[in-house]
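# Inside the fold
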Amino acid sequence: MSQSTSNLKDKLPPDCQVPAHIAIIMDGNGRWAQQHGLSRLEGHFEGRKATHRVVEACAELGVQALSLYAFSAENWARPGDEVSGLMTLIEQSLREELDDLIGGDIRFIASGRHEELPESLQRTLSEAEARTVDNDGMVLNLLINYGGRAEIVDAVRALAGRVQSGELAPEDIDEAALGAHLYAPELPDPDLLLRPGGEMRVSNFLLWEIAYAEIVVMPVLWPDFTGDHLVEAIEEYNERQRRFGRVPDAE
Ligand code: IPE
Ligand code: IPE
Ligand code: MG
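Residues numbered from 1 in each chain as written. Chains lettered and ligands numbered in written order. Predicted model: local features only at pLDDT ≥ 70, side-chain atom pairs only at ≥ 80, totals over all residues. Heavy atoms only, no water.

### Focus on the site of ligand 2
Around ligand 2, the neighbouring residues are Ile 25, Met 26, Asp 27, Tyr 69, Ala 70, Phe 71, Ser 72, Asn 75, Arg 78, Arg 195, Arg 201 and Ser 203. Here an oxygen atom of ligand 2 and a side-chain polar atom of Asn 75 are 2.9 Å apart. One of the side-chain nitrogen or oxygen atoms of Arg 195 is found 3.4 Å away from an oxygen atom of ligand 2. When ligand 2 sits alone it has 380 Å² of accessible area, and the protein chains cover 77% of it. Of the residues forming the shell around ligand 2, the biggest block, four residues, is contributed by strand E2 (residues 65-72). For the shell around ligand 2, the per-class residue count stands at five nonpolar, three polar and four charged. (Near = heavy atom within 4 Å. Polar contact = N/O pair within 3.5 Å; in protein donor to acceptor, adjacent residues only side chain to side chain. Areas by Shrake-Rupley, 256 points an atom, 1.4 Å probe, with all protein chains shown as cover. Helix = DSSP H or I, 4+ residues; strand = E, 2+ residues; numbered from the N terminus. Nonpolar A, V, L, I, M, F, W, Y, C, P; charged D, E, K, R; others polar.)

### A look at the packing of helix H4 (residues 80-103) against helix H5 (residues 119-131)
A packed helix pair is summarised by two numbers, namely the angle formed by the two axes and the spacing between the axes. Two elements in contact, H4 and H5, have axes separated by 10 Å at closest approach and are oriented at 15 degrees. Here H4 is positioned roughly parallel relative to H5, judged by the angle of their axes. The crossing of H4 and H5 is left-handed. On H5, the residues touching Met 87, Ile 90, Glu 91, Leu 94, Arg 95, Leu 98, Asp 99 and Ile 102 of H4 are Ser 120, Leu 121, Thr 124, Leu 125, Glu 127, Ala 128 and Arg 131. Across the contact of H4 with H5, the residue classes break down as eight nonpolar, two polar and five charged. (Axes fitted to C-alpha atoms, helices over the stretch in contact; angles between N-to-C directions. Parallel < 35°, antiparallel > 145°, perpendicular 65-115°, else oblique. Left-handed = near helix turned anticlockwise from the far one by under 90°. Contact = heavy atoms within 4.5 Å.)

### A few points about the site of ligand 1
Ligand 1 sits among Met 26, Asp 27, Gly 28, Asn 29, Gly 30, Arg 31, Arg 40, His 44, Ala 70, Asn 75, Arg 78 and Leu 86. A distance of 2.9 Å separates an oxygen atom of ligand 1 from a polar backbone atom of Gly 30. Here an oxygen atom of ligand 1 sits 2.7 Å away from a polar atom, N or O, in the side chain of Arg 31. Isolated, ligand 1 exposes 370 Å² of accessible area, and the fraction of that covered by the protein chains is 86%. For the shell around ligand 1, the elements supplying multiple residues, two or more each, are helix H2 (29-35) and helix H3 (40-61). If one sorts the elements of the shell around ligand 1 by residue count, H2 sits on top with three residues.

### Overview of the nonpolar core
Counting 46 residues, the largest nonpolar core has Ile 22, Ile 24, Leu 66, Phe 108, Phe 225 and Leu 230 as the members making the most contacts within it. Ranked by residue count, the leading element in this core is H4, at seven residues. Not counting residues up to four positions away in its chain, the partners in contact with Leu 66 are His 21, Ile 22, Ile 24, Val 54, Val 55, Cys 58, Met 138, Val 139, Leu 140 and Asn 141. Counting residues in hydrophobic clusters, the runner-up holds ten residues, among them Ala 23, Ile 25, Tyr 146 and Leu 206. (Core = buried A, V, L, I, M, F, W, Y, C linked by side-chain atoms within 4.5 Å. Buried < 20%, exposed > 50% of the residue type's maximum accessible area, 1.4 Å probe, protein only.)

### Structural notes on the pairing of strand E4 (residues 139-146)
Extensive coverage of E4 is indicated by the burial of eight of its eight residues. For strand E3 (residues 107-111) and E4, the ladder comprises five bridges, and the chain directions are parallel. Bridge pairing in E4 places Ala 110 opposite Leu 142. With H5 bridging E3 and its parallel neighbour E4, the resulting β-α-β unit is left-handed. (Pairing = 2+ DSSP bridges. Right-handed = clockwise from strand over helix to strand, strands pointing away.)

### Here we look at the packing of aromatic side chains
The geometry of two aromatic rings is summed up by the distance between their centres and the angle between their planes. For the coordinates displayed, the defined rule picks out seven aromatic pairs. When the ring of Tyr 146 is compared with that of Tyr 183, the centres are 5.9 Å apart and the planes differ by 75 degrees; the resulting orientation is edge-to-face. With a gap of 37 residues between them, Tyr 146 in strand E4 and Tyr 183 in the loop between helix H7 (175-179) and strand E5 (192-196) connect regions that are remote in the sequence. Residue classification places Tyr 146 among the buried positions, given a relative accessible area of 0%. A centroid spacing of 6.4 Å and a plane angle of 85 degrees characterise the contact between Tyr 146 and Phe 205, whose relative ring orientation is edge-to-face. One end of the pair, Tyr 146, is in strand E4; the other, Phe 205, is in the loop between E5 and strand E6 (214-218), with 59 residues separating them in the sequence. (Phe/Tyr/Trp six-rings, centres within 6.5 Å; stacked < 30°, edge-to-face > 60°.)

In C-alpha cells form, the structure reads like this:
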C-alpha cells in the first residue's frame, strides 16, 4: 500500500483498547471542496484518499470490522451529476483497491439495497465480495444505498415471510431473530461511531446496530482525515465509560 502508516500503534497509549468495530460516517467532502474552490465531485475524489488511509490504518491497528457509509438511501436526492459521479467513483475505487484488499487479508462486504444500483457497480461489489470471501483479517463493510430504516424494514419483511410460511412463530421474534436478518448479521455491533465533519446527527446510519455505540464527532472534514485523527478518536473512546444501563463500575 502506498502511504505508510507504520508506527501508528506506537501513538496509542499502551493500555489503550482498540474498538473491535468502528463505523464511520464519511462526511464533509462538499465543504472541503467549497473551501478549496473545487467542485463537490472533486471533494469526493479527495475523500477517497482519506478512505484509503483509514482502511490501512484500521487494519494496522487490529480493528476487526470497519463500516464505512459511502452513499445513503437519501443521497439520491442530490444533483444527478453528483450521484452518477459518486457511483463511478465508488466502482472505480473498489476495482483499483481490490488487489490491496486481497493482499491485506481484508474481507470485503457491501450493505444496502444493491438491486437499485447501476448494474456494473452491482457486479463490482459481488466480485469484490467473492474474491475476498476467504480472507480472515479485518472485515470492510461498505454501505451503499444504505438506510438504517430500510434495513430494519427489510429484516421485518424477511421475518414476516418466515412467519407466513409457518417456519417461525410470531412469539419467536426477538432481538436476536431480527438482528439475524440485518444486512451483515455476522458483525458485532459498532463500538465506536465516528463522524468527521462536525454534524451531531446519525443520518439514518446503522440505527439498530449503534444502540450502545460510543459517538465521537470530530470537526475535521473527511478529505483531511488521517491516521492521527483515528488515533485521537480511539483515545477519546478509551476515556468513555461504557455502562450498558448498569451503574458505574466501582473504583
Ligand atoms: C459525504 O460528504 C459524502 C457523501 C454523502 C456521499 P458530503 O458530500 O455530504 O459533504 P458535505 O456534508 O456537503 O460537506
Ligand atoms: C451521510 O452524510 C451519508 C454519507 C456520509 C454517505 P450526509 O451528508 O448525506 O448527511 P446529512 O444530509 O448531512 O444528514
Ligand atoms: Mg454531508
